[in-house]
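A closer look at the structure
Each chain, letter by letter, is given below.
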Amino acid sequence: MYHQNYNPTGSAFLSTVLAAVPILVLLYFIALHPHRDKQGVKHLGVAAPYAAFYGVIAAFIIVCIIFSMPVVSAVSAFVLGVLSGFLGIIWIILGAMFLYTMTVITGKFEIVKESIINISHDRRLQVLLIAFSFGAIIEGTSGFGTPVAIAGAVMVGLGFPPFQSAVLNLLANTAPVAYGAIGTPIVVLAQVSGLDQLTLSTMVGHQLPWVSLLVPFWLIAVFVKMEGGTWKEIFEVWPAALVSGASFALMQYFASGTAEFHLMTDVVAGVFSVICTALFLRFVWHPKTRFLLKSERGATQAMTRDASAPPKNRYTVVETMYAWLPWAILIAACALWGSPDWKKALNGLFASVKFDTTFLGSRFNGTLSLPGWDLPALHNLVQRMPPVAPPNAKPEAARFVINWLSASGTGVFVAAIVSGFVLRLSAAQWKEATTRTLHRMKTPVLVIGQVLGLGFLTRYSGTDAVLGLAFTSAGVMYPFFAAYLGWLGVFLTGSDTASNALFGSLQRITAQQLNLNPILTVATNSTGGVMGKMIDAQSIMVACAACYDDPKERAHALGPIFRRVWWHSVAGAAVIGLIALLQAYVFTGAIPIPPIK
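Model, not experiment: these values are computed from the prediction.

1. With respect to the overall build of the protein chain
Helix and strand content of the protein chain: 24 helices and eight strands. Scaling as 2.2 N^0.38, a compact globule of 597 residues should have a C-alpha radius of gyration of about 25 Å, and the protein chain matches this with 24 Å. With 597 residues in all, the protein chain has 58% of them scored as buried. In the protein chain, of all internal contacts separated by at least 6 residues, the share reaching a separation of at least 24 is 76%. Summing over all exposed atoms, the protein chain offers an accessible surface of approximately 23400 Å²; the carbon and sulfur share of this is 69%. Measuring between centres, the 37 positive side-chain charges of the protein chain sit 3 Å from its 25 negative side-chain charges.

Structure representation (structure tokens):
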């Protein structure tokens, strides 16, 4: 049994610094290490696969030497992360990019582009509709990087530069994250903390709407400045930003507090925001000037061109609906696969076919529809210790459950296959779509696998808890730093769900020690975590995979994107921290009262 030690050096400061070394190594090689490519061009940050590899090596050294984790257990934890990353994230992105590639090959994406442009020719407003509102719907149905992949690919298809598309979609994929994949982060948070699920959801819904109001303005400001625009051009579209953000925030507030809709908060809020924004732009208001990309500006397309000119549609309503059908199928499939009842049905589909054997000396058993493998030298052989876990906490499970039927990625692939038949792809087009998708995903698969392995290694070794404990000495300021604890968890694991599983219990224990309301601090773990989503390496790599066609550009894009979004992420977590701080000591009525059991 490996008992996690949160101070192996006897010095809390030194132990914390050493625990941070793998993360610092990863960040340095992603964003700061200077080198020249084969053409002699200087870059900051090495290619993503190498940066991830150096971070992994540093993690093994720290974990095995300083924290005394057995090497075989460390390897097992890394393997579990790689396997979980493939089924949980890579599988989704492969399916999403497969569907997108189909629409491009068949020419249907051109019709989709035309329909979006016909809502508004203004690029600022297209950012709102696609990155924020449409992305929130995808986040609500599937999560785990899917909205960044889908919305990013759509924006590139509309002519936005790859770097810009990646940055904007990472920024947009914040406010909806806590309710991603049919509320999975909320469900896990309730399970690990022991607090009422609906009460936590309501608390989250009392924090995130303020961010939802802010994000549309934030997106437009970043986009306009990236295109060399002025503050006047940013504030010119404040009515649309207000409608987009306010409609989403209001529905997010109400849906999060209802038993019927709280797990579907993103979906209903996203749909409501899309409808309200589209109707507002179509029938009520449009900016006086049309903002275009730098590449589109010229003598014949001045930025002062009348933005209220009626769009000309080259396609019929039937053609437009047919082109959008694959995306409707995708949303429907993601919603279906996110349903707990559907998941349960798929997991029990072949329940009668059972087996029980061993693989690499460890138990491999289950049913044909839900097999599972107990990771050797790891499953139930790692013990979290107080104050991170209660004294009577069970050993950490390390079982790779192969939910190949109920996984969200399977739903995305089903949507892609159905869409291929609906679009009547020829044999040559099926082959081209498959080849292009696999070629595009080679590097992202390698990077995401390594980074997820690194995340699981920090989790099972306890180095993540060492970093988390550094925040618990903040005293009365802890509600502010509770947001950064969740932020750290998402940065380390790449998932708000995983961050909640990691630190949900610690947040409650710390709150009780400091006489704070545990509902507030536990919920803040999730809301603070959403701001860490834009800087975790796998999310950025998903954005690179979706937005960059050129493999060389894709390999070197991770560092520049990370540097651009870093301070946005830090500032966003501070906003959540300030909200939590005010709710802890000033607006205490915002904290819901749990039901009496």
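2. Structural notes on the sheet that holds strand β6 (residues 371–374)
The four strands lie next to each other as β4-β5-β6-β8, forming an open sheet whose pairing is antiparallel. Of all the strands in the sheet, the pair left with one neighbour each is β4 (354–359) and β8 (399–401). For this sheet, the mean angle separating the axes of adjacent strands, direction not counted, is 15°. Alignment of β4 against strand β5 (residues 362–367), held across six bridges, turns out to be antiparallel. Residue pairing for β5: threonine 357 is matched across the bridge by phenylalanine 364. Along the sheet face, helix α3 (residues 71–105) touches β6 and β8 and points at about 15° away from the line of β8.

3. Considerations on the environment of phenylalanine 78
Following the sequence through the fold, phenylalanine 78 ends up in helix α3. Its relative accessible area of 17% is what places phenylalanine 78 among the buried residues. Separated by 104 residues in the primary sequence, phenylalanine 78 and isoleucine 182 place their C-alpha atoms 28 Å from one another. Discounting chain neighbours no more than four positions away, the residues touching phenylalanine 78 are Val56, Phe60, Gln450, Gly453 and Leu454.

4. Digging into the environment of alanine 511
Tracing the sequence through the fold places alanine 511 in helix α20 (residues 496–513). Take alanine 511: its relative accessible area is 0%, and that puts it in the buried class. Along the backbone, alanine 511 and threonine 472 are 39 residues apart, and their C-alpha atoms lie at a distance of 9.2 Å. Apart from residues lying up to four places away in sequence, alanine 511 is in contact with Leu516, Asn517, Pro518 and Thr521.

5. A look at helix α1 (residues 12–31)
The terminal C-alpha atoms of α1 lie 28 Å apart, and with 20 residues this matches the ideal 28 Å at 1.5 Å per residue to within 8%. Taking the largest bend as the criterion, α1 deviates by roughly 40°, centred on valine 21, and proline proline 22 comes between one and four positions later. Ser15, Leu18, Ala19, Ala20, Pro22, Ile23, Leu26, Leu27, Phe29, Ile30 and Ala31 are the residues of α1 that are buried.

6. Topic: the packing of aromatic side chains
For the structure on display, the rule yields 28 aromatic pairs. Look at phenylalanine 421 and tryptophan 430: their rings are 5.5 Å apart centre to centre, the planes differ by 55°, and that puts the pair in the tilted class. On the accessibility criterion, tryptophan 430 (19% relative accessible area) is buried. Grouping aromatic residues by their ring pairs yields a cluster made of Phe480, Phe481, Tyr484, Trp487, Phe491, Phe562, Trp566 and Trp567. A cation over an aromatic ring shows up here: arginine 123 above the ring of phenylalanine 160, its NZ or CZ 4.9 Å from the ring centre. Looking at arginine 459, its charged tip hangs above the ring of phenylalanine 456, at a distance of 5.8 Å from the centre.

7. Some details on the pattern of salt bridges
Summed over the entire model, instances satisfying the criterion amount to nine salt bridges. With its nearest N and O atoms 2.6 Å apart, the salt bridge here joins aspartate 122 to arginine 124. Since its relative accessible area comes to 0%, arginine 124 is described here as buried. One salt bridge in this structure joins arginine 123 and glutamate 296, with 2.3 Å as the shortest N-O distance. Of this pair, arginine 123 sits in helix α5 (residues 123–141) while glutamate 296 sits in the loop between α13 (265–284) and α14 (317–338); the two residues are 173 residues apart in sequence, bridging distant segments of the chain. Assessed through its relative accessible area of 6%, arginine 123 is described here as buried. Linked through salt bridges whose partners overlap, the residues forming this network are Arg384, Glu396, Arg459 and Asp464.

8. Let's talk about the side chain of serine 247
Take serine 247: it is sitting in helix α12 (residues 238–256). We classify serine 247 as buried; its relative accessible area is 7%. A distance of 3.1 Å separates a polar atom in the side chain of serine 247 from the backbone oxygen of serine 244.

9. Some thoughts on a nonpolar patch on the surface
A surface patch of nonpolar side chains, about 610 Å² in accessible area, is lined by Tyr50, Phe53, Tyr54, Ile57, Ile61 and Ile65. Mapped onto the secondary structure, tyrosine 54 falls in helix α2 (residues 48–66). With relative accessibility at 33%, the residue tyrosine 54 sits in the partly exposed group.

10. With respect to the packing of α14 against helix α16 (residues 408–422)
At a closest axis distance of 8 Å, the pairing of α14 and α16 adopts a crossing angle of 155°. If you check the angle between α14 and α16, you find them roughly antiparallel. α14 and α16 meet at a crossing whose hand is right-handed. Between α14 and α16, the contacting residues are Tyr322, Leu325, Pro326, Ile329, Leu330, Ala333, Cys334 and Trp337 on the first element and Thr410, Gly411, Val412, Val414, Ala415, Val418, Ser419 and Val422 on the second.

11. Quick word on the packing of helix α8 (residues 180–193) against helix α21 (residues 518–529)
Packed helix pairs are specified by the crossing angle of their axes together with the interaxial distance, meaning the distance between the axes. At a closest axis distance of 11 Å, the pairing of α8 and α21 adopts a crossing angle of 145°. Here α8 runs over α21; the crossing is right-handed. Touching Pro185, Leu189 and Ser193 of α8 are Val522, Ala523 and Ser526, all from α21. Residues of the contact of α8 with α21, tallied by class, amount to four nonpolar, two polar and no charged.

12. Comments concerning unusual backbone geometry
Of the consecutive residues proline 386 and proline 387, the connecting peptide bond is found in the cis state with omega at 5°. Inspection of the secondary structure puts proline 387 in the loop between β7 (382–383) and β8. Notably, alanine 377 is not glycine yet its phi reads approximately 60°, a positive angle. Inspection of the secondary structure puts alanine 377 in the loop between β6 and β7. Judged by its relative accessible area of 26%, alanine 377 falls in the partly exposed class. In this structure, asparagine 515 is a non-glycine residue whose phi angle is positive, near 60°.

Parameters at a glance
- Residues numbered from 1 in each chain as written.
- Predicted model: local features only at pLDDT ≥ 70, side-chain atom pairs only at ≥ 80, totals over all residues.
- Heavy atoms only, no water.
- Helix = DSSP H or I, 4+ residues; strand = E, 2+ residues; numbered from the N terminus.
- Rg over C-alpha atoms; globule rule 2.2 N^0.38 Å.
- Buried < 20%, exposed > 50% of the residue type's maximum accessible area, 1.4 Å probe, protein only.
- Contact = heavy atoms within 4.5 Å.
- Areas by Shrake-Rupley, 256 points an atom, 1.4 Å probe, with all protein chains shown as cover.
- Lys, Arg positive; Asp, Glu negative; His and termini not counted.
- Charge placed at Lys NZ, Arg CZ, Asp CG, Glu CD.
- Pairing = 2+ DSSP bridges.
- Axes fitted to C-alpha atoms, helices over the stretch in contact; angles between N-to-C directions.
- Expected span 1.5 Å × (residues − 1).
- Bend = angle between axes of the 7 residues up to and from the residue.
- Phe/Tyr/Trp six-rings, centres within 6.5 Å; stacked < 30°, edge-to-face > 60°.
- Lys NZ or Arg CZ within 6 Å of the ring centre and 35° of its normal.
- Salt bridge = Lys/Arg side-chain N within 4 Å of Asp/Glu carboxyl O.
- Polar contact = N/O pair within 3.5 Å; in protein donor to acceptor, adjacent residues only side chain to side chain.
- Patch = residues over 30% accessible without salt bridge, like charges linked within 9 Å, V, L, I, M, F, W, Y side chains within 5 Å.
- Parallel < 35°, antiparallel > 145°, perpendicular 65-115°, else oblique.
- Left-handed = near helix turned anticlockwise from the far one by under 90°.
- Nonpolar A, V, L, I, M, F, W, Y, C, P; charged D, E, K, R; others polar.

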